[in-house]
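So the chains spell out like this:
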Amino acid sequence: MGGEYGIIIHGGAGALRNTINPESYSEGLRRAVISGFRKLEDGCALEAVVEAVYVMEESGIFNAGLGCCLTAEGTAEVDAGLMDGSSLAVGAVASLKNIRHPILAAKTIMERTDHVLMVGEGAMRLLSLYGFKPDPELVTEAKLRRLHELREKWLSGADRKMSKNREIVKALSHGTVGALAIDRKGNVAAAVSTGGYWLKLSGRVGDTPIAGSGFYAENGVGGAVATGIGEYAIRLTLCRRTVELIRSGLNAKLAADRAISVVTSTFGEGTMGIITIDQQGGYGYSYNTEGMGRAIMMKDFSEPVVGIFQ
Ligand code: ASP
């Protein structure tokens, strides 16, 4: 390891062409990766990934924090996860109603408790001790209108079963956020935050707060953060599996490609994206959806590399 350091973030995988404004979306990614990179220059990987995710949560552009989607019942229920590869410490939260910065809630669980994952009311009570409170701005009139439209479309479809939600999710999701960084000392960290997906049932938890499925980081090996249909990432324990590919000798890029080809052969196209980092400071990303917003800023880059489509 020659002191390589850098950060890679994603803004979610999905069918993006009809749902995003590419300029503001790219600008949101750029701002987040630069903020994260600044923390990396004078801090550690953990602070960098938290900062990048915080900026994306605050932007309202992505499906996380302020911009989160709504459940079928019209509630904002957010999940987030954080992992420090130097200690394998994890903090995660799930089904938090109306919390603007779930990534800070995950960090609080990591730093202040002996637990790794807290959910619902108990988590809210604990977090209130640290100043977290529900923010009504997460449920806006515009989001409720969108929910109504989506629900109408869904209900008028031939099949209402949740197993068919996959088709809906494929068409509608526009992005969870995630970040992976490696600092000069070789510390790797991963962070991820989401609203889940539109029309999810209240109480549903995806891969985002599940260590090994939605995120994983381990010093000396690397890290991975997933986006897409969380149920599939959980069933494959996707991020741990991807980091194992890196451990077995693949670089970050090959591991990302291999992981997504496993997802595609198991669950089909249009389902998942992933970002990866390895201990040599290599990075990778791969997705089988129409697009996946991502931004990368490594030590020797003069500016971030931002992309959405192939
Ligand atoms: N993986 C997230 C979930 O299933 C959604 C996403 O990545 O867009 O909750």
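Our subject is the structure listed above.
Below you will find a few notes about this structure. Quick caveat: nothing in here was measured; it's all calculated off a predicted structure. Numbers given for residues are sequential positions, taken from 1 along each chain in its written order. It should be noted that, the model being predicted, local features are given only for residues of pLDDT at least 70 and side-chain atom pairs only at 80 or more, the latter also being counted only at that level, while totals for whole chains, interfaces and linings use all residues. Values reported for side chains reflect all heavy atoms of the structure, with hydrogen atoms and water molecules removed beforehand.

## Comments concerning the environment of Ser202
And step 1. On the secondary structure map, Ser202 appears in the loop between strand E6 (188-194) and strand E7 (215-218).
And step 2. For the pair Ser202 and Ala76, spaced 126 residues apart in sequence, the C-alpha separation works out to 8.8 Å.
And step 3. Ignoring sequence-local partners within four residues, the contact set of Ser202 consists of Thr71, Glu73, Thr75 and Glu77.
And step 4. Counted as a polar contact is a pair of N or O atoms within 3.5 Å, where, for protein atoms, one must be capable of donating a hydrogen and the other of accepting one, and residues adjacent in sequence contribute only when both atoms are in side chains. In terms of polar contacts, Ser202 uses its side chain to reach the side chain of Glu77, at 2.6 Å. In this text, helices come from DSSP runs of H or I with a minimum length of four residues, and strands from runs of E with a minimum of two, each type numbered from the N-terminal end. Any two residues whose heavy atoms approach within 4.5 Å are treated as being in contact.

## Concerning the nonpolar core
Considering soluble globular proteins, one finds that nonpolar side chains tend to be buried as a cluster.
And step 1. By size, the foremost hydrophobic cluster in this structure holds 59 residues, and its most contacted members are Ile7, Ile9, Leu40, Leu82 and Leu96.
And step 2. The leading source of residues in this core is helix H2 (residues 45-59), at nine residues.
And step 3. Not counting chain neighbours up to four residues away, the residues in contact with Leu96 comprise Ala76, Glu77, Val78, Ala105, Gly120, Ala123, Met124 and Leu127.
And step 4. Residues belong to a common nonpolar core when they are buried Ala, Val, Leu, Ile, Met, Phe, Trp, Tyr or Cys residues joined through side-chain atoms within 4.5 Å. Using a 1.4 Å probe on the protein chains alone, a residue whose accessible area is under 20% of its type maximum counts as buried, one over 50% counts as exposed, and one in between counts as partly exposed. Among the nonpolar cores identified, the runner-up in size contains 40 residues, and Ala224, Val225, Tyr232 and Leu238 belong to it.

## A short note on the pairing of strand E1 (residues 6-14)
And step 1. Burial within E1 is extensive, with nine of its nine residues counted as buried.
And step 2. DSSP calls a pair of strands paired once it identifies at least 2 bridges connecting them. Pairing of E1 with strand E5 (residues 177-182), which is carried by five bridges, proceeds in the antiparallel orientation. When the bridges of E5 are listed, Ile9 appears paired with Ala179.
And step 3. Relative to strand E11 (residues 291-298), E1 runs antiparallel, the two being bridged by seven bridges. By the bridge assignment, Gly14 is partnered in E11 with Gly291.

## Observations concerning the side chain of Thr242
And step 1. You can see Thr242 is positioned in helix H8 (residues 238-247).
And step 2. In this structure Thr242 comes out as buried when scored by relative accessible area, which is 0%.
And step 3. Ignoring sequence-local partners within four residues, the contact set of Thr242 consists of Ala224, Ala255, Ala259, Ile274 and Thr276.

## Details of the site of the ligand
And step 1. Nearness here has a simple test: a residue counts as near a molecule or strand if at least one of its heavy atoms is within 4 Å of that partner. Around the ligand, the surrounding shell consists of Thr176, Thr194, Gly196, Arg204, Asp207, Thr208, Thr227, Gly228 and Gly230.
And step 2. Side-chain polar atom of Asp207 to a nitrogen atom of the ligand: 2.7 Å apart, as the coordinates give it.
And step 3. Note that an oxygen atom of the ligand is positioned 2.9 Å from one of the backbone N or O atoms of Gly230.
And step 4. Calculation on the ligand without its partners gives an accessible area of 270 Å², and the protein chains cover 100% of this total.
And step 5. Counted by class, the shell around the ligand contains no nonpolar, seven polar and two charged residues. For the accessible areas, the method is Shrake-Rupley and the probe is 1.4 Å, while residue cover comes only from the protein chains on display. For this classification, the nonpolar set comprises Ala, Val, Leu, Ile, Met, Phe, Trp, Tyr, Cys and Pro, the charged set comprises Asp, Glu, Lys and Arg, and every other residue, Gly included, is treated as polar.

## Digging into helix H9 (residues 252-267)
And step 1. The end-to-end C-alpha distance of H9 is 22 Å, a good match for the 22 Å that 16 residues give at a rise of 1.5 Å each.
And step 2. Buried residues of H9: Ala252, Ala255, Ala256, Ala259, Ile260, Val263 and Phe267, and no others. Seen end-on, H9 carries its buried residues on one side only, within an arc spanning 125°.
And step 3. Sitting at the head of H9, Asn251 places a side-chain oxygen 3.1 Å from the backbone nitrogen of Lys253.
And step 4. Positive phi shows up at Gly268, right after H9, with a value of about 100°. Helix span, as expected, comes to 1.5 Å for every residue beyond the first. Within this analysis, the arc is defined by the directions that extend from the helix axis to the C-beta atoms.

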